[in-house]
Amino acid sequence: MDSKLSFKSYAIVGMMLFALFFGAGNLIFPAQLGQYAGTNVWIAIFGFLITGVGLPLLGILAIGYSKSNDLQDLSSRVHPVYGLIFTAMLYLTIGPFFALPRTGAVSYEVGIAPFVGEGNAVIGLLVFSLIFFAVSLVVSLNPSKMVDSIGKILSPAILLTLGALLITAFVNPMGKQEAPQPAYANDAFFTGFTEGYNTMDALASLVFGIIVISAVRKLGVNSPKGVLAATLKSGVVAAAILAIVYTGIALLGSTSTGTLGLLDTGGPVLSGASNHYFGTFGATLLAVIIILACLTTAIGLTVANAEFFHKLTPKISYKTYVVIFSVFSLVVTNAGLSNIITYSIPVLMFLYPLAIVLIILAFLSPLFRHAQLVYVSTIVVTFFISIIDGLKTLTSSLGVANPTWLQAIVDFYTASLPLYNNGLGWLLPALIVIAITTVIARSKKHVKVQTAQHNA
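In this report, the structure presented in the accompanying data block is examined.

Definitions and limits used
Residues numbered from 1 in each chain as written. Predicted model: local features only at pLDDT ≥ 70, side-chain atom pairs only at ≥ 80, totals over all residues. Heavy atoms only, no water. Helix = DSSP H or I, 4+ residues; strand = E, 2+ residues; numbered from the N terminus. Rg over C-alpha atoms; globule rule 2.2 N^0.38 Å. Buried < 20%, exposed > 50% of the residue type's maximum accessible area, 1.4 Å probe, protein only. Contact = heavy atoms within 4.5 Å. Axes fitted to C-alpha atoms, helices over the stretch in contact; angles between N-to-C directions. Parallel < 35°, antiparallel > 145°, perpendicular 65-115°, else oblique. Left-handed = near helix turned anticlockwise from the far one by under 90°. Polar contact = N/O pair within 3.5 Å; in protein donor to acceptor, adjacent residues only side chain to side chain.

## Topic: the overall build of the protein
Right, on to step 1. Regarding its fold elements, the protein presents 19 helices and zero strands.
Right, on to step 2. For 456 residues, the compact-globule estimate of 2.2 N^0.38 gives 23 Å, and the protein sits close to it at 23 Å.
Right, on to step 3. Viewed in the frame of its principal axes, the protein has a C-alpha envelope of about 85 × 55 × 45 Å.
Right, on to step 4. Expressed as a percentage of its 456 residues, the buried residues of the protein come to 52%.
Right, on to step 5. Relative to all contacts within the protein whose residues are 6 or more apart in sequence, the contacts with residues 24 or more apart total 81%.

## Observations concerning the packing of helix H7 (residues 121-141) against helix H14 (residues 267-312)
Right, on to step 1. One way to put it is that H7 packs onto H14 with a least axis distance of 9 Å and a crossing angle of 50 degrees. Comparing the axis directions of H7 and H14 gives the class oblique. Our pair here, H7 against H14, has a crossing hand that is right-handed. Along its contact with H7, which presents Phe 128, Phe 132, Val 135, Ser 136, Val 139 and Ser 140, the element H14 presents Ile 291, Cys 294, Leu 295, Ala 298, Ile 299, Thr 302 and Val 303.

## Description of the side chain of Ser 107
Right, on to step 1. If you trace the backbone, Ser 107 turns up in helix H6 (residues 99-112).
Right, on to step 2. The exposure class of Ser 107 is buried, given its relative accessible area of 0%.
Right, on to step 3. For Ser 107, the contacting residues outside a window of four places in its chain are Ile 112, Phe 128, Phe 132, Ile 290, Ile 291 and Cys 294.

## Concerning the packing of helix H12 (residues 224-254) against H14
Right, on to step 1. Where H12 meets H14, the closest approach of the two axes is 11 Å, and the angle between their N-to-C directions is 75 degrees. The orientation of H12 with respect to H14, classified from their angle, is roughly perpendicular. On H14, the residues touching Ile 249, Leu 252 and Gly 253 of H12 are Val 269, Leu 270, Ala 273 and Tyr 277.

## Quick notes on the side chain of Thr 103
Right, on to step 1. Along the polypeptide, Thr 103 turns up in helix H6.
Right, on to step 2. Look at Thr 103 and you get buried, because its relative accessible area is 6%.
Right, on to step 3. Within the local environment of Thr 103, its side chain forms a polar contact with the backbone oxygen of Leu 100, the two atoms lying 2.5 Å apart.
Right, on to step 4. If we ignore the near neighbours within four places in the chain, the residues touching Thr 103 are Phe 132, Phe 133, Cys 294, Thr 297 and Ala 298.

Any link to function would need more than the numbers given here.
Here you go:
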């Protein structure tokens, strides 16, 4: 019999989930979205919230609903090799390739860059990142509950500081919302939708899912339906807070362009707004809190990645992985925040459709009786579309023309697939394949049952 949880219990788990998702790096994306969307900010933030808040919630629920032990277990329903490769790629993406370096770069952009002249930017980032990842390395080698405790203090501190900033900006806007930039002028919703990929939270949710489920079970809820219901209610708490924060930051960004100018990333938007309203003290306070929050996020990501890869290859020690990931992240951080974001987008355009489809399949699995045929067919179709999306985005990021073979495929997809130019060309084909293969899978099961009954 499940324990009956109070609203306080749901709120506690919900705040834990919020803390898992709410890396300080996420603050920069709605700020930049607000600046670029301008008068179309409401349409854009709606799209952003679907992928930045809605999908992470579904990812958490998918792990619980599918009764999987972890992401590798769920993705291995396609094939064990796929499960291993997809899980490893996901860990590396939310780890040393992009999210880990981003913690250092965001810390510098928000906390240090405003106080360092442009002429000293390169050396400033190098010195800061050396200190940042040295501290992260030392703590990650011997992780303790101290980091969790600091995290529990920092999340409320960030919320209070941001709350003061956002309320002030709402009551006394920096300026008027200006005309949207080209990407947001005609396709504000879809641009916001794909911009939400940058949070990487839907990918992280597939890793965090089991943590939330374990927390719910510790409260005395053990039945599958009870766990799912408790996870949903707790998830709604986290999603509501995230949605409010993201919307507030986007609105702040949308009124900041006239005062701060159109900036390359969202980091200077937050530091500039804080300085505008509260002076040096406000900018310094925000900087300290965000640096500490990014540091705890960096430690958590380093530990998670080192544990996962040590489990895969026990001959390489956990501590060796911590050193490798810390040094690698240090090097990538010094490419600068703008470059990290630019080069992460092609990878996210490739991985996100695969992750979304996996979430959909997890929920529909009982309908097609968990047939591997459906998993494999849908993932294959999605892969061949998302890989082209990733390559197309990469060439665009590099500012080079598509190779002839790639352009031919892009032209074919553009002409054949609805919503392809909006980054959702994979959606309809995936749903069609799910429908067709579900019918086939159910028919095969039906035939097997009839044959067994006849033979009996």
